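For reference, the chains in residue letters:
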Amino acid sequence: MTLTLPGTEHSVRLARQCAGLTLPGVGCLPSVVADAEAVLSELAGNAIRHTASGGPHGEFSVEIWQKLRDGRAVVLVAVHDQGSAGCPVVRPVSESAEGGRGLLVVAGLAQRWGFTPAGTGCARIVWAELDAGHGHGCPAGDE
Ligand SMILES: Nc1ncnc2c1ncn2[C@@H]1O[C@H](COP(=O)(O)OP(=O)(O)O)[C@@H](O)[C@H]1O
Ligand SMILES: [Mg+2]
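By the naming in an unreviewed UniProt entry, the protein is Histidine kinase/HSP90-like ATPase domain-containing protein, taken from Nonomuraea longicatena.

1. Here's the deal with the environment of Cys-28
Relative to the helices and strands, Cys-28 is located in the loop between helix 1 (9–22) and helix 2 (30–50). Of the residues examined, Cys-28 reaches a relative accessible area of 7% and is grouped as buried. Measuring from C-alpha to C-alpha, the distance between Cys-28 and Gly-133 comes to 6.3 Å, with 105 residues separating the pair along the chain.

2. Notes on the environment of Ala-38
Mapped onto the elements, Ala-38 comes out in helix 2. Apart from the residues lying within four places of it in its own chain, the contact partners of Ala-38 are Arg-16 and Leu-109.

3. What to know about the side chain of Ser-53
Looking at the secondary structure, you find Ser-53 in the loop between helix 2 and strand 2 (59–69). The class of Ser-53 is buried, set by a relative accessible area of 0%. Within the structure, Ser-53 has its side chain in polar contact with the backbone nitrogen of Gln-82 (distance 2.9 Å). Residue contacts for Ser-53: discarding those within four places in its chain leaves Gly-7, Ala-47, Ile-48, Gly-58, Glu-59, Phe-60, Asp-81 and Gln-82.

4. Side note on the pattern of salt bridges
Enumeration according to the criterion identifies 4 salt bridges in this entry. Note that Glu-9 and Arg-49 form a salt bridge whose closest N and O atoms lie 3.1 Å from each other. Placement of Glu-9 in helix 1 and of Arg-49 in helix 2 is noted, with a sequence separation of 40 residues between them. When its relative accessible area of 48% is taken as the criterion, Glu-9 is described as partly exposed. Arg-72 is the salt-bridge partner of Asp-131, the closest N and O atoms lying 3.0 Å from each other. Taken together, the residues Asp-131 in strand 5 (residues 124–131) and Arg-72 in strand 3 (residues 72–81) connect sequence positions 59 residues apart. Bridged by salt links that share partners, the residues Arg-69, Arg-112 and Glu-129 form one connected network.

5. Notes on the pairing of strand 2
If a strand is regular, its side chains alternate between the two faces of the sheet. Sheet topology places strand 1 (residues 2–6) next to strand 2; 5 bridges connect them, and they run antiparallel. Along strand 2, the bridge assignment pairs Pro-6 with Glu-59. Here strand 2 pairs with strand 3 via 9 bridges, running antiparallel. If you follow Leu-68 over to strand 3, its bridge partner there is Ala-73.

Quick notes on the rules
- Residues numbered from 1 in each chain as written.
- Chains lettered and ligands numbered in written order.
- Predicted model: local features only at pLDDT ≥ 70, side-chain atom pairs only at ≥ 80, totals over all residues.
- Heavy atoms only, no water.
- Helix = DSSP H or I, 4+ residues; strand = E, 2+ residues; numbered from the N terminus.
- Buried < 20%, exposed > 50% of the residue type's maximum accessible area, 1.4 Å probe, protein only.
- Contact = heavy atoms within 4.5 Å.
- Polar contact = N/O pair within 3.5 Å; in protein donor to acceptor, adjacent residues only side chain to side chain.
- Salt bridge = Lys/Arg side-chain N within 4 Å of Asp/Glu carboxyl O.
- Pairing = 2+ DSSP bridges.

This is how it looks when you write it as structure tokens:
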């Protein structure tokens, strides 16, 4: 599924809820749903705090899908932002005493994560892949 939300703090909670509303219905274990919720919170928070998505008339999109990779089901969550000059980077704990260390959390919960340019300008998709915790894949909405 894909959902576009306004770039406000309130939307961070809505982004989180996207995982809670879709993934249990496609067989994901509750622990995986919780992990996906946490990851989406961090990625959505970053979109509004670190990119133009959080600026005037800004918005971001949440994408969630499930697919088979090497015979096991994986959940992919992604946030499509409106870009910034910088890049998502995991900061060592010592460098981010005041930060939420969100990408450190993402890197810990996800099997893989990354980012890719998307669309126009410096817009970007930041994505994370989690093991779905069951053996079959079925789409969480469109694939
Ligand atoms: N979507 C993004 N676009 C550009 N830069 C980003 C994005 N997400 C994160 N960053 C950069 O990566 C850094 C680390 O992010 P994070 O670990 O979530 O910590 P925090 O958000 O608390 O600064 C951010 O401070 C920011 O510089
Ligand atoms: Mg953050």
